[in-house]
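Architecture and fold: a report
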Number of protein chains: 2
Amino acid sequence: MEGKSNIFTIASRTGYSVSTVSRVLTGQAAKFRISKKAIDLISETARQVNYQPDLVAQTLRTKQSHTIGLLVPGIDNPFFATLSGIIINLLAARGYHTLLADSRESEQEEEQALQMFKGRKVDGIIAVPVATKADNLEQIGRDIPVVLIDRHFKKTTLPYVCTDNYLGARMATDYLLDRGYKSILAIQGVPTSMPNQERLRGFTDAIKGKPVHYAVAGNAFSVENGHDEIMKCFSDGARPFDAVFAFSATILLGAIDAFRELNIEVKRDVGIISYDNNGFLDFLDPAVTRIEQPLREASSMAVETLFGIIDSRREGLPEPAVCQRLIPPTLVVRSSC
Amino acid sequence: MEGKSNIFTIASRTGYSVSTVSRVLTGQAAKFRISKKAIDLISETARQVNYQPDLVAQTLRTKQSHTIGLLVPGIDNPFFATLSGIIINLLAARGYHTLLADSRESEQEEEQALQMFKGRKVDGIIAVPVATKADNLEQIGRDIPVVLIDRHFKKTTLPYVCTDNYLGARMATDYLLDRGYKSILAIQGVPTSMPNQERLRGFTDAIKGKPVHYAVAGNAFSVENGHDEIMKCFSDGARPFDAVFAFSATILLGAIDAFRELNIEVKRDVGIISYDNNGFLDFLDPAVTRIEQPLREASSMAVETLFGIIDSRREGLPEPAVCQRLIPPTLVVRSSC
DNA sequence: AAGCTTTGCTCAAACGATTGCGCAAAAATA
DNA sequence: TATTTTTGCGCAATCGTTTGAGCAAAGCTT
C-alpha cells in the first residue's frame, strides 16, 4: 500500500465510521467501548495500509503539536551546539520533536523565530534570549510555555535555568589569586549579554580590595577577539599581566594562538583560566583550568520545568511556582595556571 | 490586541469575506482584482489585530510547510553540529524552517524520524543516513524530496553530496609516505559506515605495493577508541609505528591523550594526521595536519539540489538530473607530521 | 412486557486556512 | 438601449483529524 492512506480509507475498508477509527487509533477504544472485533479489524487494516496519522491535521484539531521550539543565538558556537544536542535528545526521549532556530545574536531574528514558533503551534519554547528587555518573550510566554536557559533577564517573571556566572567568575578569579597571580587581564565577550555582565561583576568583586592589578578588555565571544586583545596588550615583548581570564573558550583559543605568535609560553610565562565547557580544552598543552557549567543538569532542569508548565496548563491545574534557578558551576583544575 | 486573531476576525471587522481577506493577505490581491480600498483596509486591520497566520492550518490546506527535516546521526558530534548549523542558516536564508532529528546512529531511530518528517509534511529532507541499505530512504524519497549529505549508498538513485573520502584518505596517506614514514597505523571509525569504508580503501590502495608496514585498528568515531588503540599498540614503551592516521578528529584527540600518557611526543616520536574539519586542531601543539572537508560548499550544494527538486515537483516540471557529487577534500598542512 | 441500562457505534461540527466557481454591479461597446 | 466585458467580491468545499452529542439495538430488571 502506498503513502496516501488516511483515516477515511481505513473507515471505508473496514465499514466503520471515521469516528470509530479515530478513537481506536488514538487509543480511546476502551473509553468509548469499541468492540474487540472492531479494534482488531481497524488496527490490522491500519497496519496493512501503513497508516501514518497526519500530524499537521492532528495539530490543527488538538492544538498540540508535540513540538518544542528551541532558540539559540548561534548554533555554530560549540557551546550552543552541545547544549542543543542535549536538549534535542531530552525532548526526543519524551516523544517531542524540535524546531531549531538560530537568532544569530539578532533581536530581530529572535522576534521572527518566536513568531514562527507561535504560528507553528509549538507546545513550548526553550530559548537562550538575546534581547535586552524581557517584554517580547514574556508576551509570548503568556500564550506558550517558555523557559529561558543560559541567559535570563534581571527582573522577569519567566522561569529560567542558568548557571551562576557571578559565582563562576569569582571562583576563577579567587583561584588565580590563591595561586599568587598579581596582575590579571580579563577578556570579556559581548558586554551587553547577561552572562558577560555577571562574570565581569564576579571578577571585579573578587579582586576588589586585593593588592592586585587588573584590566578588562574585549567585546565578543570569538577567537578573533581573544587573539586581538592579547596582541594589543602583550606586543613588543611586554608582559603587563601574569594571568589571563578568558570569558569563553573561543576567547581562550584566540589568546593561546596569540601567545604562540608572541613566543610567550602559557603557564611558565603567563597563567590562563577560561570559562565554558569544552572537552577540547583537556587536549591543549597545558590542559586548561576552567569553569565548567553543568550543561546536562541545566538542560534537564529546563526541560523538566517546561513540561511542568505544559502539563499543568493542559490539565488546567494551577501553574507550578516559577522556577528560577542559578546552578553553581564547577572549577575544573588542570595545569594552565 | 491579543493572540487569537484569525482570518475570520479580520473578515468580520472589515465586512469583507474570508476569501477576500485570504487573497489579500497571501498577496494574491492583484490576481483577483481586489480593490485598493479593500487591500488597504484589510492590511491595516490585520496589522492592528496583530494577525499571524496559523501555519499549521496553512500547511494542511496547501501541503506546503516551509519546513525541511534535517537528520543527523549525532548532533553532539562537533562535526555534525557544525554541519547542522550551516544548513539551518542556509535554509533560514531561504525562508525555510528546520525540524532537527538525531538518529544517534540507530537505524530504528532514523526510521522513526523519517516517519515523523513525513507526518509533519516537511517539504524536503536532508539526511546523513545511518542505514546500510537505501530502501527506506528511497521509499520516502518518492514522496518527499531527499538529499543525502556526508554519507551515501553505493548504488542509489537518491541525490547526494559527499566528500570524496577515498581521495581524502589517499591524499593523507600519500602525504605521510612522501614525508618518509615507513610504518603507519590507521585508526578507523565505525567500520560499516560508508565514509569509513572509503577512507580505508583509500588508505590501503595508497599503501599497496609500497615497501611500507601498516595496520588498521579501531571501531568507532570516538575519543575512547583513539585512546584505547594507541594504548594497545604503544604500551610497554613499544614504538611499532612511526605515524598514525586518525580517521576522525575525535579519534585523533584520544590518540593524542594516549601519547601524552605514554610520554611519546607527537611529531618528534610519531607523526600524526587526521581526518575531519575542526578549527580546534590548529590550537593543539603541534597543530595537526589534516584532511578538511569543504562543509560549507557541500551544504550549500545539498541545499541547492534539494530546492531544485522541490521547485520542479511543485511546478510539475521534469525533475533535474539526479545530482550525485563527490567533492574533493583538501589537505591542510600543519606541523604534526 | 414495559422500562431502564448498557453496548457500540455514527453524525456532523469544528480547527484555520485556501481556492474553484459563480455572480451581481459597473463600465464599455455596439 | 441592449449586449458584452470587466471589476470586485462571496459561497462553500476542502485539507485530515478529533470530539460532543445522540441513537438504535441488545441486555437486564421487575
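Provided above is the structure to which this section pertains.
Being a predicted model, the structure only gives us computed values, none of them experimental.

Turning to the packing of aromatic side chains, a few remarks are in order. Enumeration over the complete set of coordinates arrives at 16 aromatic pairs over all chains. Pairing Phe234 of chain B with Phe259 of chain B gives two aromatic rings, centres 5.2 Å apart and planes at 90°, and the pair type is edge-to-face. A residue pair is termed long-range when its members are at least 10 positions apart, and Phe234 of chain B in helix α10 (residues 223–234) and Phe259 of chain B in helix α11 (residues 249–261) qualify at 25 residues. An identical accessibility class is assigned to Phe234 of chain B and Phe259 of chain B; each is buried. Connected via pairs of aromatic rings, a cluster forms that spans Phe203, Tyr214, Phe245 and Phe247 of chain A. The side chain of Arg23 of chain B reaches across the aromatic face of Phe32 of chain B, ending 4.2 Å from its centre. Here Arg199 of chain B stacks its cationic end above the ring of Tyr275 of chain B, 3.7 Å away from the centre of that ring.

Another point: the protein's contact with DNA strand D. Close to DNA strand D lie 29 residues; Ser22 and Arg61 of chain A together with Thr20, Arg23 and Ser35 of chain B are nearest. The sugar-phosphate portion of DNA strand D accounts for 54% of its atoms within 4 Å of the protein, the bases making up the rest. Tyr51 of chain A is positioned with one of its side-chain polar atoms (N or O) 3.1 Å from a phosphate oxygen of DNA strand D. The separation between a phosphate oxygen of DNA strand D and a polar side-chain atom of Tyr16 of chain B is 3.4 Å. Those elements that place two or more of their residues in the surface near DNA strand D are α2 (18–25) and α4 (55–62) of chain A together with α2 (18–25) and α4 (55–62) of chain B. At four residues, the largest contribution of residues to the surface near DNA strand D is made by α4 of chain A. A breakdown of the residues in the surface near DNA strand D according to their chemical character gives nine nonpolar, 13 polar and seven charged.

Let's shift gears to the environment of Lys31 of chain B. Residues and elements named next belong to chain B. The topology assignment puts Lys31 in the loop between α2 and α3 (36–48). Expressed as a C-alpha distance, the spacing of Lys31 and Ala206, which sit 175 residues apart in the sequence, is 63 Å. One polar contact links Lys31 to Gln28, side chain to side chain, over a distance of 3.0 Å.

Our next topic: the sheet that holds strand β11 (residues 324–327) of chain B. With mixed pairing, the 12 strands of this open sheet are ordered in space as β11(A)-β5(A)-β4(A)-β3(A)-β1(A)-β2(A)-β2(B)-β1(B)-β3(B)-β4(B)-β5(B)-β11(B). The open sheet has two edge strands with one neighbour each: β11 (324–327) of chain A together with β11 of chain B. Neighbour to neighbour, the strand axes of the sheet diverge by 20° on average, direction disregarded.

The next point concerns the packing of helix α8 (residues 165–178) of chain A against helix α9 (residues 194–207) of chain A. A pair of packed helices is characterised by two quantities: the angle between their axes and the separation of those axes. Residues and elements named next belong to chain A. Taken N-terminus to C-terminus, the directions of α8 and α9 make an angle of 40°; their axes are 7 Å apart at the nearest point. With respect to the hand of their crossing, α8 and α9 are arranged in right-handed fashion. Mapping the contact onto sequence places Asn165, Tyr166, Ala169, Arg170, Thr173, Asp174 and Leu177 in α8 and Pro195, Glu198, Arg199, Arg201, Gly202, Phe203, Asp205, Ala206 and Ile207 in α9. Partitioned by chemical class, the residues of the contact of α8 with α9 number seven nonpolar, three polar and six charged.

Another point: the nonpolar core. Ranked by internal contacts, the top residues of the largest apolar core, which has 87 residues, are Phe245 and Phe259 of chain A together with Phe245, Phe259 and Leu284 of chain B. Those residues within four positions of Phe245 of chain A in sequence are excluded, and the remaining contacts are Ala169, Ala172, Thr173, Leu176, Ile184, Leu185, Ala186, Ile187, Phe203, Ile273, Ser274 and Tyr275 of chain A. Membership of the second largest hydrophobic core comes to 58 residues, among which are Phe79 and Ile149 of chain A together with Val147 and Leu295 of chain B.

Here we take up unusual backbone geometry. Residue and element names in this part refer to chain A. At the junction of Asp285 and Pro286, the peptide bond is cis and its omega measures out at 0° in the coordinates. Counting through the fold element by element, Pro286 comes out in the loop between β9 (271–275) and β10 (289–292). Phi is positive for Glu105, which is not a glycine, with a value near 60°. By secondary structure assignment, the location of Glu105 is in the loop between β2 (97–102) and α6 (107–119).

Structural alignment of chain B on chain A gives an RMSD of 0.1 Å, achieved by rotating through 180° and translating 0.0 Å along the axis. Here the transformation between the copies is reduced to the relation of a two-fold axis. Of every C-alpha in chain B, the one belonging to Leu99 of chain B sits nearest the axis of rotation, 2.4 Å from it. An overlap of 98% is found between the interface residues of chain B and their copies at the interface of chain A, pointing to a shared contact surface.

All names here are of chain A. If you check which residues of helix α7 (residues 135–143) are buried, you get Leu137, Ile140 and Gly141. Along the axis of α7, the buried residues cluster in a sector spanning 110°; they form a single face. The exposed set on the far side of α7, more than 90 degrees from its buried face, consists of Asp135 and Arg142. Of the surrounding elements, those touching the buried residues of α7 are α6, β3 (124–127), β4 (146–149) and α12 (295–315).

To continue, consider the interface of chain B and chain A. Tallying the contact residues gives 45 residues for chain B and 44 residues for chain A. Where chain B abuts chain A, roughly 4,100 Å² becomes buried across the two surfaces, and 61% of that area is made up of carbon and sulfur atoms. On inspection of chain B and its partner chain A, the count reaches two salt bridges. Notably, a salt bridge pairs Lys121 of chain A with Asp54 of chain B, separated by 3.3 Å at the nearest N-O pair. On the surface where chain B and chain A come into contact, there are 18 residue pairs in polar contact (both at pLDDT 80 or more).

A separate point is the environment of Ile75 of chain B. Locating Ile75 of chain B in the fold gives a position in the loop between β1 (67–72) and α5 (78–93). Judged by its relative accessible area of 1%, Ile75 of chain B falls in the buried class. Placed 147 residues apart in sequence, Ile75 of chain B and Ser222 of chain B show a C-alpha to C-alpha distance of 14 Å. With residues up to four places along the chain from it excluded, the contact list for Ile75 of chain B reads Ala81, Gly85 and Asn89 of chain A together with Phe80, Ala81, Ser84, Leu100 and Asp102 of chain B.

A separate point is the side chain of Asn278 of chain A. With respect to the helices and strands, Asn278 of chain A occurs in the loop between β9 and β10. Asn278 of chain A sits in the buried class, given a relative accessible area of 15%. If sequence neighbours within four positions are ignored, Asn278 of chain A has contacts with Ala249, Arg290 and Glu292 of chain A together with Phe280 of chain B.

In this section: the protein's contact with DNA strand C. Neighbouring residues of DNA strand C: 29 residues in total, closest Thr20 and Arg23 of chain A together with Asn6, Ser22 and Arg61 of chain B. Sugar and phosphate atoms form 54% of the subset of DNA strand C atoms that lie within 4 Å of the protein. Taking Gly15 of chain A, its main chain carries an N or O atom lying 3.5 Å from a phosphate oxygen of DNA strand C. Between a base nitrogen of DNA strand C and a side-chain N or O atom of Arg61 of chain A, the distance comes to 2.9 Å.

Time to look at the sheet that holds strand β12 (residues 330–332) of chain A. Residue and element names in this part refer to chain A. Spatially, β7-β6-β8-β9-β10-β12 is the arrangement adopted by the six strands of the open sheet, whose pairing is mixed. On the outer flanks of this sheet lie β7 (213–217) and β12, each paired with one strand and no other. Strand after strand, the sheet turns through a mean of 15° between neighbouring axes, direction not considered. Inspection of the sheet shows strand β6 (residues 183–187) paired to β7 by five bridges, in the parallel sense. Note on β7: the bridge partner recorded for Ser183 is His213. The strands that α8 touches are β6, β8 (243–246), β9, β10 and β12; relative to β9, the one it contacts most, it runs at about 170°.

Calculation rules
- Throughout this description, residue numbers start from 1 for each chain and increase along the sequence as written.
- Each chain is given a letter, starting from A, and each ligand a number, starting from 1, according to the order in which they appear as written.
- Owing to the predicted nature of the model, reporting of local features is limited to residues with pLDDT of at least 70; listing and counting of side-chain atom pairs is limited to 80 or more, with chain, interface and lining totals taken over all residues.
- The side-chain quantities take in all heavy atoms of the structure and omit both hydrogens and water.
- Think of it this way: a Phe, Tyr or Trp ring, Trp meaning its six-membered ring, pairs with another when their centres are within 6.5 Å, and the plane angle makes it stacked under 30 degrees, edge-to-face over 60, tilted otherwise.
- Numbering goes from the N terminus for both helices and strands, where a helix is a DSSP run of H or I of at least four residues and a strand is a run of E of at least two.
- To sort residues, take the accessible area from a 1.4 Å probe on protein chains only and compare it with the maximum for the residue type: under 20% means buried, over 50% means exposed, and anything in between is partly exposed.
- Put simply, a charge is over a ring when the Lys NZ or the Arg CZ is close to the ring centre, within 6 Å, and near the line of the ring normal, within 35 degrees.
- By convention in these notes, a residue is near a molecule or strand provided one of its non-hydrogen atoms lies within 4 Å of it.
- Contacts described as polar in this section are N or O atom pairs within 3.5 Å, which, within protein, must combine one atom able to donate a hydrogen with one able to accept it, while residues neighboring in sequence count only if both atoms come from side chains.
- Lys, Arg, Asp and Glu make up the charged group, whereas Ala, Val, Leu, Ile, Met, Phe, Trp, Tyr, Cys and Pro make up the nonpolar group; the residues left over, Gly among them, are polar.
- For two strands to be treated as a pair, DSSP must find no fewer than two bridges joining them.
- Note on method: axes are straight lines fitted to C-alpha atoms, helices fitted across the in-contact stretch only, with angles between N-to-C directions ranging 0 to 180 degrees.
- Take the far helix as the reference: if the near one is turned anticlockwise from it by less than a right angle, the crossing is left-handed, and if turned clockwise, right-handed.
- A contact between two residues is defined here by any heavy atoms of the two lying within 4.5 Å.
- By convention a nonpolar core is built from buried Ala, Val, Leu, Ile, Met, Phe, Trp, Tyr and Cys residues, the set being connected through side-chain atoms within 4.5 Å.
- To superpose the copies, least squares is applied to the C-alpha atoms of every residue with a pLDDT of at least 70 in both.
- Our arc is simply the arc of the directions from the helix axis toward the C-beta atoms.
- Accessible surface is computed with a 1.4 Å probe, and the buried area is the amount of it that two parts give up when combined, taken over both parts together.
- Any Lys or Arg side-chain nitrogen found within 4 Å of a carboxyl oxygen on Asp or Glu counts as a salt bridge.

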